Amino acid sequence: MSEAKIEKAKSISLVVLFLSTILLLCFFWGHISLDSFKFQKQADAEDIPDISYMIKPNQIIVNFGADNYTIVSSGNTDVWCTGTEEGCMVKAIEKFGNAENILVEEIPYEKYQEVMTFRSILAEFTYDIPIVDFFLNFKIKKPSSYDVIETITSIGYSEGSKNNLFIYDGKNNKYYRLVADMDNHDFETLIAAIEGKGYNIYYPASTYLGVENNTLIPLEINTNLSKFPFRLDSYPNQSEKINTIAENFFGGNFDFVREITEDSGTVIYMYSYGKKVLIVNTDGSIEYKEEQIGANMDKGFLESLETAVQYVARHGSWKSLNGAKLTPYLKDVSLNPNKEKGFRFTFGMEVNGSRLFYEEGESIVIDVIDGHVTYYKRNMIDFDQEDLDAIETFSDDTAFSAVNLIAKNYEYIYNIIQASEDSYIADDQASMFEAVGSAVDKMQVGYVRMADKEAKEIYPAWIISINNINIFFDLYNAEPIGHTKK
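Residues numbered from 1 in each chain as written. Predicted model: local features only at pLDDT ≥ 70, side-chain atom pairs only at ≥ 80, totals over all residues. Heavy atoms only, no water.

Brief notes about the overall build of the protein chain
Thought 1: Counting its secondary structure elements, the protein chain contains 13 helices and 27 strands.
Thought 2: Considering only contacts within the protein chain whose residues lie at least 6 apart along the sequence, 61% involve residues at least 24 apart.
Thought 3: Surface exposure of the protein chain reaches about 23,900 Å², of which carbon and sulfur atoms provide 50%. (Helix = DSSP H or I, 4+ residues; strand = E, 2+ residues; numbered from the N terminus. Contact = heavy atoms within 4.5 Å. Areas by Shrake-Rupley, 256 points an atom, 1.4 Å probe, with all protein chains shown as cover.)

Spelled out as C-alpha cells, the structure:
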C-alpha cells in the first residue's frame, strides 16, 4: 500500500474514532436525545396532514340580516378553504391584504358587536393564533400595518362597513377594524352563495327562551348521524402490536428498556431510570413522557405545530392503528404547559365531517417544549369505515328540537352547572330555567365516546356547552348521556 493511501486510511480511522467518542459521551452525559440515533418509523408524506388544513375555524357564523343566521360546521371546508379555490374566506382575506395603505384601528367591543348585527360572516377559532403565523400558514401577504395586532381569534366581514375587515385578538381581548379603499365583493358573494344553497336556520336564544342570551340555537337540524360500533386503538394484551408501538419510541433494541405489567393490565416501558416512559393503558390509550433536553431552541407556534404533527405521524400515525379514517383538526393550544417554554397542542377528530367528543380525555395531546416533544398521549378509536358509511347512507332523521331539549332537561343541566359554580342560585323552577337559558354558550351536534370502558358504541349527540362544561344528550330523544369539563 502506498504511503498516501496509508495516511488516508489513518485519517478516516481517526474521524470514525472521534465520532464514536462523541456519540458515547453524548450517551453517557445525556445531553442529546437518543431519538437522534435510533431507527424510527419514517412517515410517508401522504401520512402527514397539511397543517394549513388542521388550523380551521371552530365555526363560521353567517348573518343574513333580521336576526336570521346559520352556522357553518367545521367539517364544511368549502366556505373557509385553504387551497387554490376561489369563493371562500381565505381567498377573500388574501385579496383584501393586497390593498394599499391599510389602516388598523382598535375599536370598542360595543362597536364590533353592533357592526356584526348587519349581514356578515365571521370565522371563530377556539385558540389564539399569532398573527404572523396565521398569514404565513395560509400563504397570505401580511401588510406591516397589521403588526399592532398580536393574535387572531376571530376574523370577519360586515356589510355594515363594506371596506373593513374585523379581527378579535383574544389573547389581549382587543377588537380591531382594518380599513382599505376597496369594497369586499368576494365576501358578499360568499354570503349570498351560502344563502342560496339552503341552510339550517339559527336564532338567538333570547328569541326562543325569553332570556338575555345571544347564543345561536338551531330551529331544526336534519342529520344522518347514527350510533356505530368501535374498538380500542390498542389493547395491552396485543403483544405484537404493543411491541411495534414501543419500537417507535425506543428503537428495535430493548436491552435497556424495563417492562412492567401492573395488576390492572397496564403495561409500562421505562428507559434510563424513568427518563423515558411509555404507558399502554387498558382504555386503549398510550402515554409517553420524556425528560426535557437542556437545549433552548425557542420554536414559535407554527414550527412547534409542525414538529407535533410529524411526531404523531411517526408514532402511531394520524389514522387508527388499523387504518380507520379520521380527520384531525387543531382543537386547542395552551402556552407554556407545566411552566415550561413551549406549547401544548390538543387535536380533535372528525368522523365523516362530524366532530367526535370524548366524555373523558382527548384524541391526541402533545407537548412541544423548546422544539422537542416531551409528552404525547394518544387515545384514538378504531372502526370499520365501510360499516359507518353504510349506516350514514341509509340514515336520515330530524334531531330532537334544541329548544325542547333545554325545556326538558333544564333541571338536570342546572344541577351540573350549580355543582361546578356556587354562583348559580335558584329558588324555583322558573329561576332554574332562566339561569340555564342565560348560561348556554353553544349547542352543536356531533359524536360522543363515553368514558365507560365497557362501551362498544359511539353515540350521536347534542352537545350543550356552558362555561367550561360540555353536557351530552341523545340526539334523537334528548336523554342525558353524560358530561365533561372542556
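Structure's up, so let's keep going.
Structural notes on the pairing of strand β14 (residues 267-271)
Thought 1: The buried count for β14 comes to 4 of 5 residues, which makes it a mostly enclosed element.
Thought 2: Pairing of strand β13 (residues 257-261) with β14, which is carried by 5 bridges, proceeds in the antiparallel orientation. Residue Val257 lies in a different strand from β14, and its bridge partner there is Tyr271.
Thought 3: The loop that links β13 with its antiparallel partner β14 comprises 5 residues; one of these, Gly265, has a positive phi angle of about 105°. (Buried < 20%, exposed > 50% of the residue type's maximum accessible area, 1.4 Å probe, protein only. Pairing = 2+ DSSP bridges.)

Here's the deal with the packing of aromatic side chains
Thought 1: Tallied over the full model, the rule gives 29 aromatic pairs.
Thought 2: Taken together, Trp80, Phe125, Tyr127, Phe134, Phe135, Phe138 and Tyr146 form an aromatic cluster joined through their ring pairs.
Thought 3: Sitting above the plane of the Tyr329 ring, Arg355 keeps its charged end 3.6 Å from the centroid. (Phe/Tyr/Trp six-rings, centres within 6.5 Å; stacked < 30°, edge-to-face > 60°. Lys NZ or Arg CZ within 6 Å of the ring centre and 35° of its normal.)

Points about the nonpolar core
Thought 1: By size, the foremost hydrophobic cluster in this structure holds 124 residues, and its most contacted members are Ile55, Trp80, Ile121, Phe301, Phe345 and Phe347.
Thought 2: Ignoring anything within four residues of it in the chain, the contact list for Phe347 reads Met54, Leu305, Ala308, Val309, Trp318, Tyr329, Leu330, Lys331, Ser363, Ile364 and Ile366.
Thought 3: Membership of the second largest hydrophobic core comes to 8 residues, among which are Tyr112, Met116, Phe166 and Tyr168. (Core = buried A, V, L, I, M, F, W, Y, C linked by side-chain atoms within 4.5 Å.)

What about the confidence of the model for the protein chain?
Thought 1: The predicted model of the protein chain has a mean per-residue pLDDT of 86, with 88% of residues at 70 or higher.
Thought 2: Scored below 50 in pLDDT, residues 12-41 makes 32 contacts in the model with residues more than four places away or belonging to other chains. (pLDDT = per-residue confidence, 0-100.)

Side note on the packing of helix α12 (residues 402-420) against helix α13 (residues 429-439)
Thought 1: Where α12 meets α13, the axes come as close as 9 Å, and the angle between the chain directions of the two elements is 85°. With respect to their mutual orientation, α12 and α13 come out roughly perpendicular. Here Ile406, Ala407, Tyr410, Glu411, Ile413, Tyr414 and Ile417 of α12 come into contact with α13, specifically with Gln429, Met432, Phe433, Ala435 and Val436.
Thought 2: Residue composition of the contact of α12 with α13, grouped by class: 10 nonpolar, 1 polar and 1 charged. (Axes fitted to C-alpha atoms, helices over the stretch in contact; angles between N-to-C directions. Parallel < 35°, antiparallel > 145°, perpendicular 65-115°, else oblique. Nonpolar A, V, L, I, M, F, W, Y, C, P; charged D, E, K, R; others polar.)

Digging into the pattern of salt bridges
Side chains that differ in sign of charge can pair as their charged atoms come close.
Thought 1: Taken as a whole and assessed by the stated rule, the structure comprises 18 salt bridges.
Thought 2: One salt bridge connects Asp233 with Arg378, and the closest N-O pair in it is separated by 3.0 Å. Remark: Arg378 occurs in strand β21 (residues 372-378) and Asp233 occurs in the loop between β12 (231-232) and α9 (239-250); sequence separation between them is 145 residues.
Thought 3: Looking at Arg378, the relative accessible area reads 1%, which means it is buried.
Thought 4: Across the salt bridge formed by Arg355 and Glu350, the nearest N and O atoms sit 3.4 Å from each other.
Thought 5: Take Arg355: its relative accessible area is 9%, and that puts it in the buried class.
Thought 6: In this structure Glu350 comes out as buried when scored by relative accessible area, which is 2%.
Thought 7: If you follow the salt bridges from partner to partner, you end up with Lys56, Glu350 and Arg355 in one network. (Salt bridge = Lys/Arg side-chain N within 4 Å of Asp/Glu carboxyl O.)

What to know about the side chain of Glu287
Thought 1: Mapping Glu287 onto the fold places it in strand β16 (residues 286-290).
Thought 2: Buried within the structure, Glu287 lacks any salt-bridge partner; its nearest side chain of opposite charge belongs to Lys289, at an N-O separation of 4.2 Å.
Thought 3: Polar side-chain contacts of Glu287 include one of 2.6 Å to the side chain of Tyr375.
Thought 4: For Glu287, the contacting residues outside a window of four places in its chain are Val277, Leu278, Ile279, Asn281, Tyr375, Tyr376 and Lys377. (Lys, Arg positive; Asp, Glu negative; His and termini not counted. Polar contact = N/O pair within 3.5 Å; in protein donor to acceptor, adjacent residues only side chain to side chain.)

With respect to helix α4 (residues 89-97)
Thought 1: Among the 9 residues that make up α4, 7 are buried, leaving the element largely enclosed by the rest of the structure.
Thought 2: Every buried residue belonging to α4 is among Met89, Val90, Lys91, Ala92, Ile93, Phe96 and Gly97, and all of these are buried.

Quick look at the pairing of strand β25 (residues 457-466)
Thought 1: The buried fraction of β25 amounts to 8 of the 10 residues, a majority that puts the element mostly inside the structure.
Thought 2: Inspection of the sheet shows strand β11 (residues 228-229) paired to β25 by 2 bridges, in the antiparallel sense. Residue pairing for β25: Pro229 is matched across the bridge by Glu457.
Thought 3: Two strands pair when backbone bridges link them, and strand β24 (residues 442-449) and β25 are joined in this way by 7 bridges, in the antiparallel orientation. When the bridges of β25 are listed, Tyr447 appears paired with Pro460.
Thought 4: When β25 meets strand β26 (residues 469-474), the two strands line up antiparallel, connected through 6 bridges. Paired with Ala461 across the two strands is Asp474, which belongs to β26.

Topic: unusual backbone geometry
Thought 1: Of note, the phi angle at Asn173 is positive, near 55°, even though the residue is not glycine.
Thought 2: Structurally, Asn173 can be placed in the loop between β6 (164-169) and β7 (174-179).

Focus on α12
Thought 1: Here α12 spans only 23 Å end to end across 19 residues, well under the 27 Å set by a 1.5 Å rise per residue.
Thought 2: All buried positions along α12 are accounted for by Ala402, Leu405, Ile406, Asn409, Tyr410, Ile413, Tyr414, Ile416 and Ile417. (Expected span 1.5 Å × (residues − 1).)

Looking at the state of the cysteines
Thought 1: Throughout the structure, instances matching the rule amount to 1 disulfide.
Thought 2: The disulfide partner of Cys81 is Cys88, and the S-S distance across this bridge is 1.9 Å.
Thought 3: Given a relative accessible area of 6%, Cys81 falls into the buried group.
Thought 4: A relative accessible area of 3% places Cys88 in the buried class. (Disulfide = S-S within 2.5 Å.)

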